[in-house]
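Take a look at the letters that make up each chain.
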Number of protein chains: 2
Amino acid sequence: MHDRITRVLRYVQYSWRTQNMTDNSKTLLYKKITDLTEISVSSLDKLFEIATQRHYKKGETILKQGQICKTITFVESGYLRTFIDKEGTEINTDFSFEGSFTTNLKSLRSASSSDTSIQAGETTTIYEFDKDRLLELYNLSAEIESFGRKLLEQLLIAQEEHTNLFKIYSPTERYQYLQTNKPEILQRISLSQLSSYLGIARETLSRIRKNKE
Amino acid sequence: MHDRITRVLRYVQYSWRTQNMTDNSKTLLYKKITDLTEISVSSLDKLFEIATQRHYKKGETILKQGQICKTITFVESGYLRTFIDKEGTEINTDFSFEGSFTTNLKSLRSASSSDTSIQAGETTTIYEFDKDRLLELYNLSAEIESFGRKLLEQLLIAQEEHTNLFKIYSPTERYQYLQTNKPEILQRISLSQLSSYLGIARETLSRIRKNKE
DNA sequence: CAAATTTTGTGACGATTATCACAGGTAAAA
DNA sequence: TTTTACCTGTGATAATCGTCACAAAATTTG
């Protein structure tokens with residue numbers, strides 16, 4: 001009798017596990033992590049255990065300026081818009097599409113108040129990683145810390161590339177750069193949202209687009 | 001007799017060790033690592049073991065555009081200038097002063113040819129960390145990998161801040177930002193070197209400086 | 001110390017861009 | 001569908017910035 005219960009319990013646990021794993025392996029998150037780093041199933045499980053799925057509608061706020069950022073966010077679908085409020089005007093500093101990670105690292109690291117806000121740009125599904133739980137995992141598993149390091153490397157390379165855009169190219173050339181290197185951003189981000197991201201006035205960007213198509 | 005030799009040998013080893021440790025603990029590198037992360041003496045030793053000290057005179061090249069970057073560099077004294085060649089003109093993308101780390105991460109990670117060059121801006125002493133040996137240490141010691149991750153965090157925060165300069169501020173405001181937030185850079189970098197770093201023409205920067213002092 | 005080289009300042013001018021104002025379009029909401 | 005809100009295009013104008021040319025100053029080198 002006792003044996004049977006144990007067997008049944010094991011089966012329930014097993015099917016829950018496989019069910020869960022099957023689901024996870026379908027997520028973009030799963031793909032992105034395994035693309036980035038070699039990682040064991042158990043480490044992956046641990047990461048998924050601390051990932052919270054959330055849904056946002058267009059315009060809803062994930063992080064508000066002044067708050068302390070406590071999570072790292074992975075965008076499963078939709079996109080997030082990061083912006084700074086400069087004297088009443090919103091200046092977009094980043095767009096995070098599905099498959100990418102975002103956070104306010106400065107606020108996250110030093111538990112200081114964030115100078116940026118993050119909002120959903122469309123209907124968006126994210127996975128949220130709590131900072132403290134992630135740090136625990138870093139201490140527990142070298143594999144996971146290695147994942148964290150590689151993620152940062154990737155983000156830093158992208159950021160350097162973006163900075164250089166401003167140093168090397170004129171506004172017109174910056175637009176052309178996006179056309180050839182990141183065309184998807186032009187299709188999904190409205191002209192008025194894009195202009196501050198490129199450091200150009202909305203009207204100027206409108207004229208650039210007119211001339212260069 | 002044999003005993004005496006052993007004792008002498010031990011003493012020699014001991015004094016060499018303390019000597020060596022004393023030396024290392026005087027370096028900026030030592031200070032910067034221990035400021036950034038909690039690390040054991042043995043891990044620190046391992047890091048110092050793979051660090052090669054090198055000296056450069058002003059204008060000498062550490063990394064040349066087209067080469068594959070294989071090291072991470074720590075600046076012990078002096079400074080390094082990172083730049084891109086754009087149609088014959090050098091555009092400075094970074095200045096690394098004593099106490100900071102630099103590399104071309106994109107080239108380092110993917111073993112691709114570097115799009116930037118790095119030169120000494122003054123007489124400069126660096127410590128060079130070989131990528132492959134560093135990766136070995138990452139696998140050996142979670143503490144060292146943690147150090148690597150924290151270093152990247154620091155670099156990414158600085159890079160984000162620098163990008164936002166271009167999105168939020170006008171050329172004049174960018175100069176003022178340096179005046180209040182990084183005055184040392186104005187004292188050590190010549191106007192003509194600084195202008196491309198701020199994305200401004202040399203003449204314009206000269207006029208800005210004239211008006212704003 | 002003097003010559004050579006590099007760096008900086010300045011004027012003139014043209015090109016680019018920002019700003020303001022408003023009209024027309026487009027998309028979402030009622 | 002109609003209303004409402006937001007996004008885009010466009011003209012006029014002023015401010016800013018880049019470019020060219022050259023002189024002055026500062027720094028380096030012989």
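Quick caveat, the model's predicted, so the values are computed rather than measured.

1. A short note on the environment of valine 75 of chain A
Residue and element names in this part refer to chain A.
- Tracing the backbone shows valine 75 in strand S3 (residues 71-77).
- Judged by its relative accessible area of 0%, valine 75 is buried.
- Valine 75 sits 24 residues away from glycine 99 along the chain, and the two C-alpha atoms are 5.6 Å apart.
- Once residues within four sequence positions are removed from consideration, valine 75 is found in contact with Leu28, Leu80, Ser96, Phe97, Glu98, Gly99, Ser100, Thr124, Thr125 and Ile126.

2. A few points about the interface of chain A and chain B
- Opposite the 35 residues of chain A that make contact, chain B presents 35 residues.
- Of the roughly 3300 Å² buried at the junction of chain A and chain B (both faces included), carbon and sulfur atoms supply 65%.
- Where chain A meets chain B, there are six salt bridges.
- Its salt-bridge partner being glutamate 173 of chain B, residue lysine 86 of chain A comes within 3.7 Å of it at the nearest N-O pair.
- Taken together, the links from chain A to chain B amount to 17 residue pairs in polar contact (both at pLDDT 80 or more).
- For the side of chain A that touches chain B, the elements supplying multiple residues, two or more each, are strand S4 (79-86), strand S5 (89-97), helix H4 (105-110), helix H5 (131-140), helix H6 (142-168) and helix H9 (191-197) of chain A.
- In terms of residue count, H6 of chain A provides more of the side of chain A that touches chain B than any other element does, 20 residues in total.

3. Observations concerning empty space enclosed by the protein
- Under the definition given, this model contains two cavities of 30 Å³ or more.
- Empty space within the largest cavity amounts to approximately 50 Å³.
- Taken together, Leu47, Ile72, Phe101, Phe129, Leu134, Tyr138, Phe147 and Leu151 of chain B form the lining of the largest cavity.
- Classifying every residue of the lining of the largest cavity gives eight nonpolar, no polar and no charged.
- Its boundaries defined by the atoms lining it, the second largest cavity holds a volume of some 40 Å³.
- What lines the second largest cavity is Ile72, Phe101, Phe129, Leu134, Tyr138, Phe147 and Leu151 of chain A.
- Residue assignment for the lining of the second largest cavity shows that the elements contributing at least two residues are H5 and H6 of chain A.
- Classifying every residue of the lining of the second largest cavity by side-chain character gives seven nonpolar, no polar and no charged.

4. Points about the packing of aromatic side chains
- Counting across every chain of the model gives 15 aromatic pairs over all chains.
- Pairing tyrosine 79 of chain B with phenylalanine 95 of chain B gives two aromatic rings, centres 6.2 Å apart and planes at 70°, and the pair type is edge-to-face. One end of the pair, tyrosine 79 of chain B, is in strand S4 (residues 79-86); the other, phenylalanine 95 of chain B, is in strand S5 (residues 89-97), and 16 residues separate them in sequence.
- Residue tyrosine 79 of chain B is classed as buried on the basis of its relative accessible area, which comes to 7%.
- For phenylalanine 95 of chain B, a relative accessible area of 7% puts it in the buried group.
- These aromatic residues form a ring-pair network of at least three members: Phe74, Phe101, Phe129 and Phe147 of chain A.

5. Quick look at the protein's contact with DNA strand D
- If you check the shell around DNA strand D, you find 16 residues, and the closest are Ser192, Ser206, Arg207 and Lys210 of chain A together with Thr204 of chain B.
- Contact between DNA strand D and leucine 191 of chain A: a phosphate oxygen at 3.1 Å from a main-chain N or O atom of the residue.
- Arginine 207 of chain A places a side-chain nitrogen or oxygen 2.7 Å from a base nitrogen of DNA strand D.
- Per-element tally for the surface near DNA strand D: the top contributor is helix H10 (residues 202-211) of chain A, with six residues.

6. A look at the protein's contact with DNA strand C
- Residues in close proximity to DNA strand C total 16 residues, the closest being Thr204 of chain A together with Ser192, Ser206, Arg207 and Lys210 of chain B.
- Counted by atom, the contact set of DNA strand C within 4 Å of the protein is 45% sugar and phosphate.
- Between DNA strand C and the protein, one listed contact pairs a phosphate oxygen with a side-chain N or O atom of arginine 209 of chain B at 3.2 Å.
- Contact between DNA strand C and lysine 210 of chain B: a phosphate oxygen at 3.5 Å from a side-chain N or O atom of the residue.

7. Some words on the relation of the copies chain A and chain B
- Of the transformation superimposing chain A on chain B, the axial component is 0.1 Å and the angular component is 180°, with the fit at an RMSD of 0.0 Å. Given the turn and translation reported, the copies of this chain are related as if by a two-fold rotation axis.
- The overlap is high: 100% of the interface residues of chain A also sit at the interface in chain B, so the same surface is used on both sides.

Cut-offs applied
Residues numbered from 1 in each chain as written. Chains lettered and ligands numbered in written order. Predicted model: local features only at pLDDT ≥ 70, side-chain atom pairs only at ≥ 80, totals over all residues. Heavy atoms only, no water. Helix = DSSP H or I, 4+ residues; strand = E, 2+ residues; numbered from the N terminus. Buried < 20%, exposed > 50% of the residue type's maximum accessible area, 1.4 Å probe, protein only. Contact = heavy atoms within 4.5 Å. Buried area = accessible area lost by both parts, 1.4 Å probe. Salt bridge = Lys/Arg side-chain N within 4 Å of Asp/Glu carboxyl O. Polar contact = N/O pair within 3.5 Å; in protein donor to acceptor, adjacent residues only side chain to side chain. 1 Å grid on protein atoms, 1.4 Å probe; cavity = no way out; pocket = protein on both sides within 12 Å on 5 of 7 lines; lining within 4 Å. Points joined across faces, edges and corners; volume = space filled by probe spheres on them. Nonpolar A, V, L, I, M, F, W, Y, C, P; charged D, E, K, R; others polar. Phe/Tyr/Trp six-rings, centres within 6.5 Å; stacked < 30°, edge-to-face > 60°. Near = heavy atom within 4 Å. Least-squares fit on C-alpha atoms with pLDDT ≥ 70 in both.

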